[in-house]
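For reference, the chains in residue letters:
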Amino acid sequence: RVIMDQAMTNIESLVEPSTIKEIIKILKSNNRVCHSVGSLFTKQLETFFLEMLNVYKVYSERISNAISQQGAIATQMSLTRTMRSAKKEVLRLLNVFIDKSGPPEAEPQAVAQGFIPHVLDPILGDYQRNIAGARDPEVLLLFTTVVEKLKSHVVDDVPRIMESIFECTLQMITVNFEDYPEHRIRFYQFLRAVNLHCFPALFNIPPAHQKLVIDAVVWAMKHTERNIANTGLEILHELLLNVGRTPNIAQGFYQQYLLALIQDVFAVLTDRLHKSGFKMHSTLLRLMFHLVQMNQVTVPLFDPERAPAGQSNPAFLREHMSNLLVTSFPNVTKSQVGTFLDGMFNLKLDLQSFKTLLRDFLIQLKEFSIEDNSGLYSEETEFEIQQREERERAQRSAVPGLLKPSEIIDDDL
């Protein structure tokens with residue numbers, strides 16, 4: 001209170017290093033209290049919520065001014081770093097509060113209407129305007145928590161959130177595979193949260209931004225970092241399932257993206273760098289090929305004006321993939337490709353049989369024939385190890401005294 005009273009008469013007092021450090025201490029103390037009491041913290045937060053956002057805004061403006069005058073080097077200055085620390089504590093406190101919110105003190109709808117609108121402009125506007133090096137990954141974490149916790153109550157706010165953080169973050173993380181690792185992880189956590197909890201919002205954004213979403217997912221699938229690649233595959237799988245459950249969206253989505261997505265999944269399947277994702281590659285290809293074979297894609301995947309009369313999606317996809325595979329892998333004959341595609345369109349194949357079909361085809365390729373292909377069998381290997389460990393444990397548990405106390409499961413606890 002004393003700090004804010006001083007700021008009312010002299011705003012410069014807020015940017016004194018001693019004051020900033022005191023604010024950081026206060027925010028950390030409130031963070032710990034919020035962790036402990038959960039939604040009971042609502043009344044306490046209401047007493048200083050708007051003032052806290054004003055402090056955030058002041059520090060944002062000072063940092064932006066410093067960067068505009070001195071360039072990116074300003075982010076390394078002592079005062080700037082201290083102000084950024086204070087901003088991060090604001091974000092962390094809001095994140096904990098929203099994560100711990102719940103009835104009766106903090107109903108999701110009440111939080112969405114009472115707190116979120118005030119948060120959007122100072123935090124999102126600052127994130128979007130700043131240079132890459134001054135954007136805090138805690139912003140992405142905060143809005144991931146907002147979407148995960150408040151779900152449909154913030155579906156109307158998601159387009160505004162995405163407009164502010166999506167494109168500018170994507171530009172940061174797609175320059176290469178190394179820079180901004182925390183932003184990259186938080187970005188895909190946010191995208192996955194939106195896909196799971198606010199899916200309709202993905203199609204209430206401009207078409208150019210919808211394409212950016214798909215491009216971001218494809219870029220993640222091709223990432224050399226295993227966690228990012230697997231997250232991209234999981235997001236795509238969840239997205240396809242959501243699209244399939246939404247008839248008014250499905251056909252337009254299939255017409256614009258399905259063929260390209262099939263090619264992109266085939267690209268990562270056959271590039272020898274992503275063998276750990278083989279199970280999800282198989283799941284995605286089986287889902288997409290079966291969608292076409294079962295005639296659930298009613299719009300043409302081809303250009304009707306250039307296609308022969310009576311052309312169907314299954315026939316087109318078969319011919320398209322045949323040409324693509326024969327061209328890409330000269331050591332595979334057209335007959336081998338034909339047999340492979342017979343299996344790809346076979347609706348009777350379960351996932352295990354489909355994986356075997358894909359694995360056998362990959363091993364025929366010249367690129368894979370000289371490789372260590374153990375990654376293609378990782379799921380089976382892990383299952384065998386688990387089974388062996390369970391058998392060994394069962395044998396040891398049959399003899400009193402062989403199991404360590406930490407290995408004993410007490411059903412009474």
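None of these values were measured; they are calculated from a predicted model. (Residues numbered from 1 in each chain as written. Predicted model: local features only at pLDDT ≥ 70, side-chain atom pairs only at ≥ 80, totals over all residues. Heavy atoms only, no water.)

**A few points about the overall build of the protein chain**
Now for step 1: Tallying secondary structure elements over the protein chain gives 18 helices and zero strands in all.
Now for step 2: By its C-alpha atoms, the protein chain is 85 × 75 × 45 Å across when sized along the principal axes.
Now for step 3: Put simply, the protein chain has 413 residues, and 47% of those count as buried.
Now for step 4: For the protein chain, the computed accessible surface area is about 21100 Å², with 52% contributed by carbon and sulfur atoms.
Now for step 5: Of the side-chain charges in the protein chain, 42 are positive and 49 negative, and the distance between the mean point of each set is 2 Å. (Helix = DSSP H or I, 4+ residues; strand = E, 2+ residues; numbered from the N terminus. Buried < 20%, exposed > 50% of the residue type's maximum accessible area, 1.4 Å probe, protein only. Areas by Shrake-Rupley, 256 points an atom, 1.4 Å probe, with all protein chains shown as cover. Lys, Arg positive; Asp, Glu negative; His and termini not counted. Charge placed at Lys NZ, Arg CZ, Asp CG, Glu CD.)

**Points about the confidence of the model for the protein chain**
Now for step 1: When pLDDT is averaged across the protein chain, the result is 89; 92% of the residues are at 70 or more.
Now for step 2: Looking over the protein chain, one finds the lowest element-wise mean pLDDT in helix H17 (residues 366–369), namely 54, and the highest in helix H7 (residues 137–150), namely 97. (pLDDT = per-residue confidence, 0-100.)

**What to know about the pattern of salt bridges**
Now for step 1: Counted according to the given criterion, the structure contains 13 salt bridges.
Now for step 2: For Arg186, the salt bridge goes to Glu182, with nearest N and O atoms at 3.9 Å. Of this pair, Arg186 and Glu182 both sit in helix H9 (residues 181–197), four residues apart, roughly one helical turn.
Now for step 3: Asp342 is the salt-bridge partner of Arg318, the closest N and O atoms lying 2.5 Å from each other. Placement of the pair is Arg318 in helix H14 (residues 313–328) and Asp342 in helix H15 (residues 334–344), with a sequence separation of 24 residues. (Salt bridge = Lys/Arg side-chain N within 4 Å of Asp/Glu carboxyl O.)

**Section: a nonpolar patch on the surface**
Now for step 1: On the surface, Val33, Val37 and Leu40 cluster together to form a nonpolar patch covering roughly 240 Å² of accessible area.
Now for step 2: Among the secondary structure elements, Val37 is positioned in helix H2 (residues 17–37). (Patch = residues over 30% accessible without salt bridge, like charges linked within 9 Å, V, L, I, M, F, W, Y side chains within 5 Å.)

**Here we look at the nonpolar core**
Nonpolar side chains in soluble globular proteins generally cluster together in the buried interior.
Now for step 1: Ranked by size, the top nonpolar core spans 129 residues in total, and within it Phe143 and Leu285 carry the most contacts.
Now for step 2: Each residue touching Leu285, except ones within four places of it in the same chain, is listed here: Ile262, Val265, Phe266, Leu269, Met344, Phe354 and Leu358. (Core = buried A, V, L, I, M, F, W, Y, C linked by side-chain atoms within 4.5 Å. Contact = heavy atoms within 4.5 Å.)

**Examining the side chain of Arg84**
Now for step 1: Summarising the element assignment, Arg84 is placed in helix H4 (residues 78–100).
Now for step 2: Taking the relative accessible area as the measure of exposure, Arg84 reaches 14% and is therefore buried.
Now for step 3: Residues contacting Arg84, with those up to four places away along its chain left out, are Ile63, Thr75, Gly133, Ala134, Arg135 and Asp136.

**A short note on the environment of Gln311**
Now for step 1: Mapped onto the secondary structure, Gln311 falls in the loop between helix H13 (278–293) and H14.
Now for step 2: For Gln311 and Thr231, which are 80 residues apart along the polypeptide, the C-alpha to C-alpha distance reads 36 Å.
Now for step 3: Not counting residues up to four positions away in its chain, the partners in contact with Gln311 are Phe302, Phe316 and Glu319.

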